[in-house]
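Here's the letter readout for the chains.
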Amino acid sequence: MERRELYIAASELGFTSEEILKLSKIFHLFQDSKELFQIQGESLLSGRKSKDRLYGNWEEALEKVYHITEKLNIGILTYEDSEFPEELKDIENPPAIIYYRGDFLKTLSYKRMGIVGSRKHTHYGENICRGISKDLSDLKIVSVSGMALGLDGIAHKEAINHDFLTIAVLGCGVDVIYPKSHSKLYLDIIKQGAVISEYPLGTKPMNYFFPERNRIIAGLSQGLVVIEARERSGSLITARLAAEQGKEVFAVPGNINSLYSKGTNALIRDGAHPYLSREDIITFLDIKDVVKTEKIRDLSHEEEKIYSYIQNGINTANLLCIETGESITFINSILTILEMKGFIQLEGADRFTITSML
């Protein structure tokens, strides 16, 4: 068995990334790979259930995984492969192996930003997420998220809708679609980016896998944007991991009375950068080939409608509510997007003025 096969076989037999990397360090001491698994592996594991894994048939494990990867066009990168992302080697508890579907290597040739947020979210959060994802796509920056319900899924969808790449890091095997409602999204990401996982093929989602995979989202990203987060959300775990890895963390400011903004506002209080416009990312990533005065010209139907009202003098949130019949929450979310895109600005207490013509 070659070193690369050690990684794959050990993964399929249930060894963790930490255990696999320990086995790889003493691989050269053993003539017989079976002996490596049974003798040295036993010193790495504890508990009868864990030790039972050592006596699995690694030849069969390899045969099985090669059959599935060929059938589903799944790629495998081990820690020692030259294409393995260097960024992931530098994080605490690096993955020993990455399974992927799609063009993962292509996504690694671009700058990347993580986008995370609540499964349950506000209309404001959704609009901000769509705007940020579109901005990243326009700037040729790959969005990295977790394909979860809510804002993660929206981030992936917007990247696809705007014809750019996205990476989904799964908390299950790369051949398992979770949640099921994202089946179409999963297939779309494979066509326009990659889905990846460190877990063996066929692994079902477990609660503790999702916090674990967050270190990979942070690791693959140059920076991280948190859009909405409750006080004890998984998004805050990702933010903490990103900060520990030395990555810049951006948080979208929100209503101080909203449950969904308590986490992001706390991040800003504790030192995260407030995300106010795409200029923040342009400056952070030092994108020199982008004209910084460029505006995003294609507005959604709702944004263009509100813009037109302001242009015609209906320029406060209350007046816009009366004129359109929409809720104040909806109006404020659209106003925020128009501000972020540089089309309007707030003057005085509540009056908006046009700053850029369509």
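Because the structure is a prediction, the values reported are computed rather than measured.

### Quick word on the sheet that holds strand 7 (residues 223–226)
- With mixed pairing, the 9 strands of this open sheet are ordered in space as 1-2-6-5-4-3-7-8-9. What marks the edges here is a single partner per strand, and that holds for strand 1 (75–78) and strand 9 (273–274).
- Here 3 bridges tie strand 3 (residues 112–116) to strand 4 (residues 142–145), and the two strands are oriented parallel to one another. Looking at the pairing, G114 lines up with V144 of strand 4.
- Set on the sheet, helix 9 (residues 151–161) makes contact with strand 3, strand 4 and strand 5 (166–169); between it and strand 5 the angle comes to about 155 degrees.

### Some remarks on unusual backbone geometry
- Omega for the bond connecting Y178 with P179 falls within 30 degrees of zero, at -5 degrees, which places this linkage in the cis form.
- Note that P179 resides in the loop between strand 5 and helix 10 (183–191).
- Although it is not a glycine, K140 adopts a positive phi angle of roughly 60 degrees.
- Relative to the helices and strands, K140 resides in the loop between helix 8 (123–138) and strand 4.
- Residue K140 is classed as partly exposed on the basis of its relative accessible area, which comes to 46%.
- Positive phi is not limited to glycine here, since D163 has a value of about 60 degrees.
- One can find D163 in the loop between helix 9 and strand 5.
- On the accessibility criterion, D163 (59% relative accessible area) is exposed.

### Here's the deal with helix 8
- Here helix 8 is 16 residues long and its end C-alpha atoms lie 23 Å apart, about the 22 Å a rise of 1.5 Å per residue gives.
- Of all the 16 residues making up helix 8, 12 are buried; the element is thus mostly covered by neighbouring parts of the structure.
- Along helix 8, the positions that sit buried rather than exposed are Y124, G125, N127, I128, C129, G131, I132, S133, K134, D135, L136 and S137.
- Turning to helix 8, the residues buried within the fold contact strand 3, strand 4, helix 9, strand 7, helix 14 (278–285) and helix 17 (328–340).
- Just past helix 8, the residue K140 takes up positive phi, approximately 60 degrees.

### Structural notes on the environment of I74
- If you trace the backbone, I74 turns up in the loop between helix 5 (58–72) and strand 1.
- Under the relative-accessibility criterion, I74 is labelled buried at 8%.
- With near-sequence residues (within four places) excluded, I74 lies in contact with I68, T69, Y99, Y100, R101, V174, D175 and L201.

Parameters at a glance
Residues numbered from 1 in each chain as written. Predicted model: local features only at pLDDT ≥ 70, side-chain atom pairs only at ≥ 80, totals over all residues. Heavy atoms only, no water. Pairing = 2+ DSSP bridges. Helix = DSSP H or I, 4+ residues; strand = E, 2+ residues; numbered from the N terminus. Contact = heavy atoms within 4.5 Å. Axes fitted to C-alpha atoms, helices over the stretch in contact; angles between N-to-C directions. Buried < 20%, exposed > 50% of the residue type's maximum accessible area, 1.4 Å probe, protein only. Expected span 1.5 Å × (residues − 1).

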